[in-house]
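The lines below spell out each chain.
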Amino acid sequence: MEKQQRHQKVTARTEPFADKASTRIWEELASSDNPYIADSSRCHGYDLIDLMRGASYIDTFYLLFRGDMPSTDERQLLEKLMIGLINPGPRHPATRAAMNAGIGKTDPQHILPISLAIMGGEHLGAGEVEGAMRFMRRHRREDPVRLVEQLLKAQGEGQPEEGDWHIVPGFGSCFGGVDLMSSKLVTLLLELPGCGDIMKWGAQFSSALEKHNMGWLNVGVAAAVFADLGFHPRSGAGLFQLLSAPGLLAHGMEQANKPITAMPFISDKAYTIDYD
Amino acid sequence: MTKQDTTLWDRQRNKIISKKGGWLIGDGVYCHGYEMMDELVGKVTYMQVVVLNATGRLPERRLAECIEAAHICLSWPDSRIWCNHIGALGGTMRASSVASTVAGVLATDSRSYGIKPLKAGLSFIQAAMLAFNNGVSVTDIVTNECAKHGGKPFIMGYGRPIAKGDERVPAMERVAKNLGFQVGAHLKLAYEIESVLDERFNEGMNINGYMSAFLSDQGFSPDEVYLICSTLVASGVTACYVDMRNRPAGTFLPLRCDDVLYQGKPHRLLPEQEDEVRG
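Residues numbered from 1 in each chain as written. Chains lettered and ligands numbered in written order. Predicted model: local features only at pLDDT ≥ 70, side-chain atom pairs only at ≥ 80, totals over all residues. Heavy atoms only, no water.

Looking only at helices and strands, chain A features eleven helices and eight strands. Each of the 276 residues in chain A was classed as buried or not, and the buried ones make up 42%. A separation threshold of at least 6 residues defines the contact pool for chain A, and within that pool the share at least 24 residues apart is 65%. Of the charged side chains in chain A, 27 are positive and 34 negative; the average position of the first set lies 4 Å away from that of the second. (Helix = DSSP H or I, 4+ residues; strand = E, 2+ residues; numbered from the N terminus. Buried < 20%, exposed > 50% of the residue type's maximum accessible area, 1.4 Å probe, protein only. Contact = heavy atoms within 4.5 Å. Lys, Arg positive; Asp, Glu negative; His and termini not counted. Charge placed at Lys NZ, Arg CZ, Asp CG, Glu CD.)

This is the structure in structure tokens:
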């Protein structure tokens with residue numbers, strides 16, 4: 001007969017949990033008549049109504065995450081990135097998830113969460129941004145050409161037999177080549193006065209990768225700007241999702257009123273079962 | 001400019017080659033070699049199909065029953081548990097049950113609790129088994145693992161927040177015993193680790209540690225278990241959703257303005273407003 005394992009009796013640990021949630025971001029001041037109704041709301045000290053009157057959306061967005069207003073250069077850099085990332089395009093898997101939900105008549109309020117969940121992926125998605133930010137922050141003082149050679153030597157065996165290879169998060173091949181749109185975004189961003197050291201270093205790193213048929217991916221571009229603007233790497237994934245959200249929603253909603261036949265359904269002839 | 005090789009993608013345009021199965025209209029519905037309507041429906045349990053779809057292998061019924069019992073262990077209707085709390089918040093603001101349940105499930109993609117620690121638990125016990133088979137003592141396994149956390153007793157599958165001990169472990173032991181499972185090599189090692197931890201740190205095994213060892217003995221990899229258990233907590237989240245869905249909207253743990261502690265900057269004016277004030 002097997003010996004019975006003795007386990008501990010279940011008892012509470014009485015850990016010191018906080019009495020209240022706390023925040024440095026938002027302050028709500030109660031109405032004198034009802035403690036649940038806010039009479040004013042402040043973002044890092046600025047009254048929300050004042051922000052509506054005197055600040056831009058980009059200012060307030062930056063303030064929310066960074067705690068202070070952006071400089072003119074920072075505002076311009078963030079705004080240009082937001083335009084550059086506004087739509088992943090109808091071929092991106094996250095957008096296709098939104099379109100699929102739309103054409104399938106999924107409740108409209110679910111379209112964005114569905115597509116953003118897919119956008120969390122680690123291949124050309126938000127899941128790649130934090131790693132890209134950390135990589136560039138860690139290596140920004142190294143010679144990018146030499147680093148590329150070292151990485152190729154060290155990670156060459158990690159290259160998949162088929163398909164794209166992201167040699168490090170944020171950089172790699174895209175459908176077997178260099179992603180041209182990402183390169184174009186970078187060309188414009190590099191011209192801005194707010195463009196920072198990490199973006200400049202990333203551009204050199206990307207150039208060194210080009211002869212190996214790799215370069216910037218848009219997640220890498222986003223990561224470089226986020227890092228230069230001082231956002232924490234852990235915020236990178238969510239920021240990327242946020243900036244991609246308008247395009248995801250627009251494409252999903254565009255399909256929502258179309259008949260289900262308005263998108264392809266793979267025919268039986270083109271559907272093959274091929275067990276390993 | 002050289003034409004780039006896009007053969008990989010060209011080969012897969014407008015077609016699906018499934019390694020799992022599918023619906024061949026008018027012929028049948030296939031799942032890993034089984035015809036679902038004839039061979040699976042009414043003949044195997046839902047949990048057997050969950051494992052089949054996740055791993056490609058149809059487990060014996062009693063193993064699926066054990067995995068199902070573990071799902072029950074993670075389906076408490078207590079809205080203080082983090083994933084369940086999300087379900088309750090969905091209920092109170094009248095989100096749909098699907099959205100709320102899925103949101104709670106998504107929350108378990110967490111470093112602290114849920115399914116990722118289960119995957120890490122399997123990785124730990126399988127690595128520990130390898131070390132043990134290579135001559136490392138159980139005491140050294142514990143010491144080495146704790147050393148990764150500054151000597152503290154942080155071993156995946158042992159200890160737990162909120163409480164010491166875990167009532168789910170003896171429950172699962174009873175289930176496994178009643179279904180005729182023996183204590184395998186991984187579980188035996190897991191028990192020995194528990195004994196060392198208990199003696200040294202007064203910490204015990206949790207449900208993760210038990211299931212990690214049990215499922216390792218059944219031949220599952222960490223990734224397979226992560227796939228099988230994707231919706232591990234779903235039912236408890238739904239329960240907490242329903243609890244709040246059936247009460248007046250917005251009444252789940254309502255917060256007064258001063259129930260949130262503000263620790264940020266004091267009230268300030270925008271630069272333009274300051275200029276105006278200065279005149």
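Here we take up the sheet that holds strand E4 (residues 34-35) of chain B. All names here are of chain B. Read across the open sheet, the three strands follow the order E2-E3-E4; overall the sheet is antiparallel. Two strands in the sheet have a free side with no partner beyond their single neighbour: strand E2 (21-24) and E4. In this structure, strand E3 (residues 28-31) lies alongside E4, joined through two bridges in antiparallel fashion. Bridge pairing links Tyr-30 to Glu-35 in E4. (Pairing = 2+ DSSP bridges.)

A word on helix H6 (residues 97-107) of chain B. All names here are of chain B. If you check which residues of H6 are buried, you get Ser-100, Thr-101, Gly-104 and Val-105. Burial along H6 is one-sided: seen end-on, the buried residues are contained in an arc of 135°. For H6, exposure combined with an orientation more than 90 degrees from the buried face picks out Val-98, Val-102 and Leu-106. Those residues of H6 hidden inside the fold are in contact with helix H5 (82-92) and helix H13 (234-245). (Arc of directions from axis to C-beta.)

The figure often quoted for interface size is the accessible area lost as the parts come together. Contact with chain A, which involves 61 residues of that partner, is made by 65 residues of chain B. Counting the surface lost from both chain A and chain B, the interface buries some 5200 Å², and carbon and sulfur atoms represent 52% of this. Remark: the boundary between chain A and chain B carries four salt bridges. As a salt-bridge pair, A:Asp68 and B:Arg268 come within 2.9 Å of each other at their nearest N and O atoms. Along the contact surface separating chain A from chain B lie 37 residue pairs in polar contact (both at pLDDT 80 or more). Tallied by class, residues from the side of chain A that touches chain B come to 24 nonpolar, 18 polar and 19 charged. Sheet analysis places strand E2 (residues 21-23) of chain A next to strand E6 (residues 260-262) of chain B, joined by three bridges and oriented parallel. Within the sheet, the bridge partner assigned to A:Thr23 lies in E6(B) and is B:Tyr262. (Buried area = accessible area lost by both parts, 1.4 Å probe. Salt bridge = Lys/Arg side-chain N within 4 Å of Asp/Glu carboxyl O. Polar contact = N/O pair within 3.5 Å; in protein donor to acceptor, adjacent residues only side chain to side chain. Nonpolar A, V, L, I, M, F, W, Y, C, P; charged D, E, K, R; others polar.)

Within the fold, A:Gln255 resides in helix H11 (residues 236-256). Sequence-distant contacts of A:Gln255, that is, excluding residues within four places in its chain, are made with A:Met99, A:Gly102, A:Ile103, A:Lys105 and A:Met263.

Another aspect to go through is unusual backbone geometry. Its identity as a non-glycine residue notwithstanding, A:Thr14 has a phi of 50°, on the positive side. Within the secondary structure, A:Thr14 sits in the loop between strand E1 (11-12) and E2. For A:Thr14, a relative accessible area of 70% gives the class exposed. One non-glycine residue with positive phi stands out, namely B:Asn14, at about 60°.

A word on the sheet that holds strand E5 (residues 46-47) of chain A. All names here are of chain A. The antiparallel open sheet is built from three strands, whose spatial order is E3-E4-E5. Taken across any chain shown, the strands that pair with only one partner, and hence form the sheet edges, are strand E3 (26-30) and E5. Sheet topology places E3 next to strand E4 (residues 38-43); five bridges connect them, and they run antiparallel. Looking at E4, one finds that Glu-28 is bridged to Ser-41.

Its location among the elements puts B:Leu24 in strand E2. Along the sequence, B:Leu24 and B:Pro77 sit 53 residues apart, while their C-alpha atoms lie 40 Å from each other. Those residues in contact with B:Leu24 that sit more than four places away from it in its chain are A:Asp268, A:Tyr271, A:Ile273 and B:Tyr30.

Attention now moves to the side chain of A:Ser244. Residue and element names in this part refer to chain A. Following the sequence through the fold, Ser-244 ends up in helix H11. Overall, Ser-244 belongs to the buried group, its relative accessible area being 1%. A polar atom in the side chain of Ser-244 sits 2.8 Å from the backbone oxygen of Phe-240. For Ser-244, the contacting residues outside a window of four places in its chain are Leu-85, Ile-86, Pro-88 and Met-119.

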